[in-house]
Amino acid sequence: MDKQTNTLMEESKKKPVTMTGAQAVMESLVNEGVEILFGYPGGAIMPVYDALYSYKEKLNHILVRHEQGAVHAAQGYARATGRVGVSLVTSGPAATNAVTGIADAMIDSTPVVVISGQVGSALLGTDAFQETDVVGITQPVTKWNYQITRADEIPWAFARAFYIARSGRPGPVLLDITKDAQFGSLEYLYKPTVSIRSYTPYPIIDPGQVEEAARLINLAKKPLALIGQGVVIAGAEAELKEFLEKTGIPAAQTLLGLSALPSDHKLNVGGLGMHGNYGPNLKTNECDLIIGIGMRFDDRVTADTRRYATNAKIIHMDIDPAEINKIIHADAPILGNVKDSLPMLTSRVSNNEHEEWLEEFRACYRIEYERLIERELYPEKPELTMAEVVRRVSEAFNDDAIMVTDVGQHQMVAWRYFKFRQSRSVITSGGLGTMGFGLPAAIGAKLGRPDRPVCLFVGDGGFQMTIQELGTIYQSKVPVKIVLLNNNFLGMVRQWQELFFDHRYASTELINPDFQTISKGYYIPSVEVTKRDDLDKAIKKMVSAEGPFLLEVVVEKEGNVFPMVPAGASVEDIILE
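Residues numbered from 1 in each chain as written. Predicted model: local features only at pLDDT ≥ 70, side-chain atom pairs only at ≥ 80, totals over all residues. Heavy atoms only, no water.

Points about the overall build of the protein chain
Next, step 1: Within the protein chain one finds 24 helices and 20 strands.
Next, step 2: Compactness check: the protein chain gives a C-alpha radius of gyration of 24 Å against a globular reference of 25 Å for 577 residues, within 12% of the reference.
Next, step 3: For the protein chain, the spread of C-alpha atoms along the principal axes amounts to about 70 × 60 × 40 Å.
Next, step 4: Out of the 577 residues in the protein chain, the part that is buried amounts to 60%.
Next, step 5: Relative to all contacts within the protein chain whose residues are 6 or more apart in sequence, the contacts with residues 24 or more apart total 76%.
Next, step 6: A total of about 22900 Å² of accessible surface is found on the protein chain, and carbon and sulfur atoms cover 50% of it. (Helix = DSSP H or I, 4+ residues; strand = E, 2+ residues; numbered from the N terminus. Rg over C-alpha atoms; globule rule 2.2 N^0.38 Å. Buried < 20%, exposed > 50% of the residue type's maximum accessible area, 1.4 Å probe, protein only. Contact = heavy atoms within 4.5 Å. Areas by Shrake-Rupley, 256 points an atom, 1.4 Å probe, with all protein chains shown as cover.)

Now the structure itself:
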């Protein structure tokens with residue numbers, strides 16, 4: 001960093017300093033504690049990139065290969081660290097390329113700030129070269145968005161953007177900056193936002209709601225806790241364990257809430273929903289109490305809501321008032337941050353055990369293991385299964401890696417068979433189900449947590465959607481471990497075609513390239529495994545590699561993911577095979 005830039009940074013913290021809008025963008029990022037940003041330059045954002053050149057010591061810019069990858073990488077960073085991820089793109093097609101990542105971040109409550117360049121303010125509305133109304137386009141998929149047309153708006157807008165993105169239920173914010181605002185000058189003084197009128201990110205918890213929930217818990221004979229990502233976002237893992245261990249209530253996790261509770265915890269009864277474990281689904285309609293903690297009763301969890309939790313009272317703990325009673329009526333809603341509401345609830349409930357009820361879940365697991373899991377993990381057929389690959393990789397990392405996935409069959413298998421010791425260990429696209437998410441998200445996760453191994457599971461379909469990000473891995477030397485589960489199919493779609501469309505495989509079989517040659521072209525070491533006898537040796541080679549590594553495993557071509565709750569069915573209609 002040059003002397004002039006360093007002086008600007010120090011002075012901007014004390015008194016107003018004259019600088020350009022582009023410099024103000026850099027200063028604002030530094031003042032918000034940003035260390036890494038993911039982006040791709042272009043004409044309308046060029047002044048900002050020029051300013052970035054002088055901030056190399058403070059801001060590590062990762063040059064991605066596609067703007068969608070920039071936002072997914074920022075998501076991976078945010079999910080792995082709990083901090084705000086930042087993306088930087090230019091106008092027009094670059095901004096529209098970023099929309100998928102923004103929408104994904106919105107539905108999965110991921111704090112990201114996307115900064116887009118825009119044509120000069122005098123050209124707005126004229127269909128100028130590479131002009132799009134990105135503010136209008138992203139309004140439905142952002143917590144807040146704003147177009148900056150004057151340089152002096154930058155400090156206020158950035159402070160507000162980061163506050164909104166990270167506070168309450170997190171989410172994406174977009175700042176669209178016209179080119180003349182980047183070139184313009186201002187008297188810069190940064191004041192972090194600590195509150196916004198009419199925005200209440202942390203609702204005040206009603207003690208009466210907590211008392212009613214505690215009463216229902218103390219009366220319950222067959223309660224079940226449903227753990228969502230809200231626990232992870234709030235950093236309430238310890239509070240969750242204290243609550244569960246005092247009450248003895250079995251707990252099941254959503255896809256994004258999976259690592260909130262260690263895999264081997266005595267009260268962990270598995271995953272929820274369409275491809276979740278047998279017990280949590282089958283027993284839902286036997287429950288007399290459901291406690292949703294930081295989860296939103298998504299359709300993949302509830303299936304047919306008319307036949308969901310038919311005998312249960314519902315406690316719903318959530319920070320977002322829009323989620324309360326949106327899908328499932330709550331008999332005892334507790335609105336607030338679970339970091340605060342869980343201890344309040346724990347202090348009011350009785351010490352209890354539900355050993356007989358827990359044993360019913362264990363019995364379901366034994367059935368699931370004997371009829372399904374055992375043959376998936378130890379198959380007699382010659383073809384490799386996704387499950388055995390996932391479990392062996394998990395064990396090779398001592399069940400302590402950050403698992404990133406793309407979307408599809410491999411995602412559900414990884415969710416089922418990868419094991420976890422600590423929180424923030426699952427990074428996947430949940431609500432939007434974005435194929436192509438995995439590779440760039442793994443890059444962001446590893447850069448955010450260089451101290452932890454990051455292992456990506458990806459299918460051959462999703463891999464090719466953002467395969468160009470192998471270039472980012474090579475250029476930025478990101479030591480991501482990639483496990484490509486190759487079945488030469490769009491596997492999840494094919495499974496539905498098999499089960500519900502009479503084996504009519506319409507446009508789901510893939511004629512794939514030579515992934516080993518592609519990996520070599522990006523200077524990434526790789527190995528292909530087609531035989532079971534070669535698997536462990538290849539996994540060991542991947543784990544011990546100092547840099548990035550691609551392990552391609554050819555798995556059974558028409559394998560299915562079970563258990564499964566068919567679309568439109570009840571959770572108790574779950575099928576094992």
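Still more to cover.
Observations concerning the sheet that holds strand S6 (residues 144-148)
Next, step 1: Read across the sheet, six strands follow the order S3-S2-S4-S5-S7-S6 without closing on themselves; strand pairing throughout is parallel. Two strands lie at the open edges of the sheet, namely strand S3 (60-63) and S6, each paired on one side alone. Taking each pair of neighbouring strands and ignoring which way they run, the sheet shows an average axis angle of 20°.
Next, step 2: When strand S2 (residues 36-39) meets strand S4 (residues 85-89), the two strands line up parallel, connected through two bridges. (Pairing = 2+ DSSP bridges. Axes fitted to C-alpha atoms, helices over the stretch in contact; angles between N-to-C directions.)

What about the state of the cysteines?
Next, step 1: Following the criterion strictly, the structure yields zero disulfides and no others.
Next, step 2: Between Cys-364, a cysteine without a disulfide, and Cys-287, which holds the nearest cysteine sulfur, the sulfur-to-sulfur distance is 11 Å. (Disulfide = S-S within 2.5 Å.)

Some remarks on empty space enclosed by the protein
Next, step 1: Here the structure, examined in full by the defined rule, presents one cavity of 30 Å³ or more.
Next, step 2: The computed volume of the largest cavity comes to approximately 110 Å³.
Next, step 3: Lining the largest cavity are 14 residues, and of these Glu-376, Met-386, Val-413, Gly-559 and Asn-560 lie nearest its centre.
Next, step 4: Of all the secondary-structure elements, those providing two or more residues to the lining of the largest cavity are helix H17 (386-396) and helix H18 (409-417).
Next, step 5: With three residues, the single largest contributor to the lining of the largest cavity is H18.
Next, step 6: Of the residues contributing to the lining of the largest cavity, the split by class is seven nonpolar, five polar and two charged. (1 Å grid on protein atoms, 1.4 Å probe; cavity = no way out; pocket = protein on both sides within 12 Å on 5 of 7 lines; lining within 4 Å. Points joined across faces, edges and corners; volume = space filled by probe spheres on them. Nonpolar A, V, L, I, M, F, W, Y, C, P; charged D, E, K, R; others polar.)

Some words on the pairing of strand S14 (residues 332-335)
Next, step 1: Side chains Ala-332 and Ile-334 of S14 all project onto a buried face; the interleaved residues Pro-333 and Leu-335 project onto a face where none is buried.
Next, step 2: Bridge analysis of strand S13 (residues 313-318) against S14 gives four bridges, and the strand direction is parallel. From the neighbouring strand, His-316 faces S14, where its bridge partner is Pro-333.

Concerning the environment of Ser-429
Next, step 1: Along the chain, Ser-429 falls in the loop between strand S16 (426-427) and helix H19 (438-448).
Next, step 2: Ser-429 gets classed as buried once you look at its relative accessible area, which sits at 1%.
Next, step 3: Separated by 354 residues in sequence, Ser-429 and Gln-75 place their C-alpha atoms 9.7 Å apart.
Next, step 4: Among all residues touching Ser-429, those that are not within four sequence positions of it are Asp-104, Asp-108, Leu-255, Val-407, Gln-411, Thr-434 and Phe-437.
Next, step 5: Within the structure, the side chain of Ser-429 is placed 2.9 Å from the backbone nitrogen of Thr-434, a separation counted as a polar contact. (Polar contact = N/O pair within 3.5 Å; in protein donor to acceptor, adjacent residues only side chain to side chain.)

Looking at unusual backbone geometry
Next, step 1: Omega for the peptide link from Phe-562 to Pro-563 comes to 0°, which places this bond in the cis form.
Next, step 2: Residue placement: Pro-563 occurs in the segment after strand S20 (549-554).
Next, step 3: For Phe-297, which is not a glycine, the phi torsion comes out positive at approximately 55°.
Next, step 4: With respect to the helices and strands, Phe-297 occurs in the loop between strand S12 (289-293) and helix H14 (299-302).
Next, step 5: When its relative accessible area of 1% is taken as the criterion, Phe-297 is described as buried.
Next, step 6: In this model, Ala-309 sits at a positive phi of 50°, which is unusual for a non-glycine residue.
Next, step 7: Looking at the secondary structure, you find Ala-309 in the loop between H14 and S13.

Structural notes on a nonpolar patch on the surface
Next, step 1: On the surface, a cluster of nonpolar side chains totalling about 280 Å² of accessible area is made up of Leu-499, Phe-500 and Phe-501.
Next, step 2: You can see Leu-499 is positioned in helix H22 (residues 491-500). (Patch = residues over 30% accessible without salt bridge, like charges linked within 9 Å, V, L, I, M, F, W, Y side chains within 5 Å. Salt bridge = Lys/Arg side-chain N within 4 Å of Asp/Glu carboxyl O.)

Some words on H18
Next, step 1: When you tally the buried positions in H18, you get nine out of nine residues, the bulk of the element.
Next, step 2: Buried residues of H18: Gln-409, His-410, Gln-411, Met-412, Val-413, Ala-414, Trp-415, Arg-416 and Tyr-417, and no others.

Some details on the packing of helix H2 (residues 21-31) against helix H8 (residues 154-166)
Next, step 1: For the pair H2 and H8, interaxial distance at closest approach is 9 Å and the crossing angle is 30°. Here H8 runs roughly parallel to H2, going by the angle between their axes. Crossing of H2 against H8: the hand is right-handed. Contacts between H2 and H8 involve Gly-21, Ala-24, Val-25, Ser-28 and Leu-29 from the former and Ile-154, Pro-155, Phe-158 and Phe-162 from the latter.
Next, step 2: Broken down by class, the residue content of the contact of H2 with H8 amounts to seven nonpolar, two polar and no charged. (Parallel < 35°, antiparallel > 145°, perpendicular 65-115°, else oblique. Left-handed = near helix turned anticlockwise from the far one by under 90°.)

Details of the nonpolar core
Next, step 1: Counting residues in hydrophobic clusters, the biggest one holds 50 residues, and the most contacted among them are Ile-290, Ile-293 and Ile-315.
Next, step 2: No other element matches helix H10 (residues 207-219), which puts five residues into this core.
Next, step 3: Counting 45 residues, the second-largest nonpolar core is a separate cluster that includes Ala-95, Val-112, Leu-447 and Leu-484. (Core = buried A, V, L, I, M, F, W, Y, C linked by side-chain atoms within 4.5 Å.)

Functional significance is not addressed by these values, which are geometric in nature.
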